[in-house]
Amino acid sequence: MGIPFVDLKTQYAYLKPKIDQRIQGVLDHGQYIMGPEVRELEEKLAAYVGVKHAIGCSSGTDALLLPLLALGIGPGDAVFTTPFTFIATAEVISLLGATPVFVDIDPLTYNIDPKQLDKAIRAVKSGDPTLHPLPVTRHPSLAPKAVIAVDLYGLPADYDALQVVCAEHGLRLLEDAAQSFGAEYKGKKACAFGDAAATSFFPAKPLGCYGDGGMVFTDRDDLAEVCRSLLVHGKGRDKYDNVRIGLNARLDTLQAAIVLAKFEAFPREVELRQLTARRYTERLTSSTSLVPPHVPAERTSGWAQYTVRVRGPARTQVEAALKAGGVPTAVYYPKPLHLQGAFSSLGYRAGDFPESELASSEVLSLPFGPYLGEADVHRIVKALG
Ligand SMILES: *Cc1c(COP(=O)(O)O)cnc(C)c1O
């Protein structure tokens, strides 16, 4: 029998009574837009993360867009992020007319490298492309404004180091926590870092719904207020009083209800994710030459993905061997963003971000989830040879 890459069916089998009951609750009261489940979820997740405000919205992408809009990011602004991430992280920067400035990753954690970030900011300030590869931009006064750090595969970025760099240069910091809900950095939960954080409830994320959904987290009252206005067409006193240009970016009541049901099991699922990761790492270390993921001291991963590194050109062979053994795999991400057609106007070139480019050619994510059994892990590692 094939092993699913992400097993939502087994999760549903465990949680069916809770999920069905929550969905039925929405059908019974009929408040499909901004029903009471949205606020209930916001309150529960804000308490879990330990921040003042949680704002439900329509996707992880919108959860990134809303705080950038609230911060007033626009043309002429440089926003720094990594090219080794999902397109959404950098897409929202370009959508606002701002310029993504890519910064290479730390090859051990796949997170943005704080030292490279410092260099990149200095390069933008001085306009000196010999310091760091810069986008070609016709904007006369590109000014450093913000950083979006990505908690890739669920591992929080190095927020202490990033905060030092951002404070020194007067930059705002956003946390793309789409993959890291449930993770920790120095005793604080993911989604608690920077001026604001964004998570996603896309079905395959650690805390997923059954469609699209997301949430913004912030301790800043001003940002929370503007985000709440932006997600309902820039509403003022009500939705027919419009004080700014906004979006329709609300979280569906039904999706909030599903997340509420799943959240009851979430702390236990986080423990099971840690257990599954430990099982993989132990077996991989003793029986293969693959490099298991690295989790630095004082951090835990949310394990959105369990990603190994296949050194040398052997990745396609490993993928094929696993496929033959009925084991699906995935590559996140096969092409770094600076080499994507969508960003070709920025003028980046192959070789600009060597660690991201090397990682793209070597990473391989294995089936993962809280309900993946020990026998499955054993079978997968065996198929790895
Ligand atoms: C999934 C993801 C997003 C976008 O979330 P959606 O809910 O799909 O819009 C953004 N950033 C990262 C790193 C992601 O993995």
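Everything numeric here is computed off the predicted structure, so don't read it as measured data.

K.L.:
Can you explain the site of the ligand? Please cite residues and give values.
P.N.:
Neighbouring the ligand are 15 residues, the closest being G60, T61, Q179, S200 and K205. For the ligand, an oxygen atom lies 2.6 Å from a polar atom in the side chain of S200. Between an oxygen atom of the ligand and a side-chain N or O atom of K205, the distance comes to 2.7 Å. For the ligand, whose unbound accessible area comes to 380 Å², protein coverage reaches 93%. Broken down by secondary-structure element, the contributors of at least two residues to the shell around the ligand are α3 (60-70) and α4 (88-95). For the shell around the ligand, the per-class residue count stands at 5 nonpolar, 8 polar and 2 charged.

K.L.:
Run through unusual backbone geometry, naming residues and quoting values.
P.N.:
Following Y332, the chain continues into Y333 via a peptide bond in cis, with omega recorded as 10°. Along the chain, Y333 falls in the loop between α9 (315-324) and α10 (354-362). At Y153, a position not held by glycine, the phi torsion is positive, near 65°. Counting through the fold element by element, Y153 comes out in the loop between β4 (143-150) and α6 (159-169). One non-glycine residue, W303, lies in the positive phi region at around 50°. Within the secondary structure, W303 is located in the loop between β10 (299-300) and β11 (306-309). Taking the relative accessible area as the measure of exposure, W303 reaches 6% and is therefore buried.

K.L.:
Just give me the short version of the packing of α3 against α4, but keep the residues and values in it.
P.N.:
With their axes 9 Å apart at the nearest point, α3 and α4 run at an angle of 40° to one another. One finds that α3 runs oblique with respect to α4. In this structure, the crossing between α3 and α4 has a hand that is right-handed. Contacts from T61, L64, L65 and L68 in α3 reach A88, T89, E91, V92, I93 and L95 in α4. In terms of residue class, the contact of α3 with α4 is built from 7 nonpolar, 2 polar and 1 charged.

K.L.:
Tell me about α3, and name the residues and values.
P.N.:
Every α-helix winds through 3.6 residues per turn, so residues three or four apart in the chain are directed the same way. Within α3, 8 of the 11 residues are buried, which leaves the element mostly enclosed by the surrounding structure. Regarding α3, the residues found buried are G60, D62, A63, L64, L65, L66, P67 and L68. Between the side-chain oxygen of the N-cap and the backbone nitrogen of T61 there are 3.3 Å, and the N-cap of α3 in question is S59. One or two steps after α3, the chain reaches G72, where phi turns positive at roughly 75°.

Cut-offs and rules
- Residues numbered from 1 in each chain as written.
- Predicted model: local features only at pLDDT ≥ 70, side-chain atom pairs only at ≥ 80, totals over all residues.
- Heavy atoms only, no water.
- Near = heavy atom within 4 Å.
- Polar contact = N/O pair within 3.5 Å; in protein donor to acceptor, adjacent residues only side chain to side chain.
- Areas by Shrake-Rupley, 256 points an atom, 1.4 Å probe, with all protein chains shown as cover.
- Helix = DSSP H or I, 4+ residues; strand = E, 2+ residues; numbered from the N terminus.
- Nonpolar A, V, L, I, M, F, W, Y, C, P; charged D, E, K, R; others polar.
- Buried < 20%, exposed > 50% of the residue type's maximum accessible area, 1.4 Å probe, protein only.
- Axes fitted to C-alpha atoms, helices over the stretch in contact; angles between N-to-C directions.
- Parallel < 35°, antiparallel > 145°, perpendicular 65-115°, else oblique.
- Left-handed = near helix turned anticlockwise from the far one by under 90°.
- Contact = heavy atoms within 4.5 Å.

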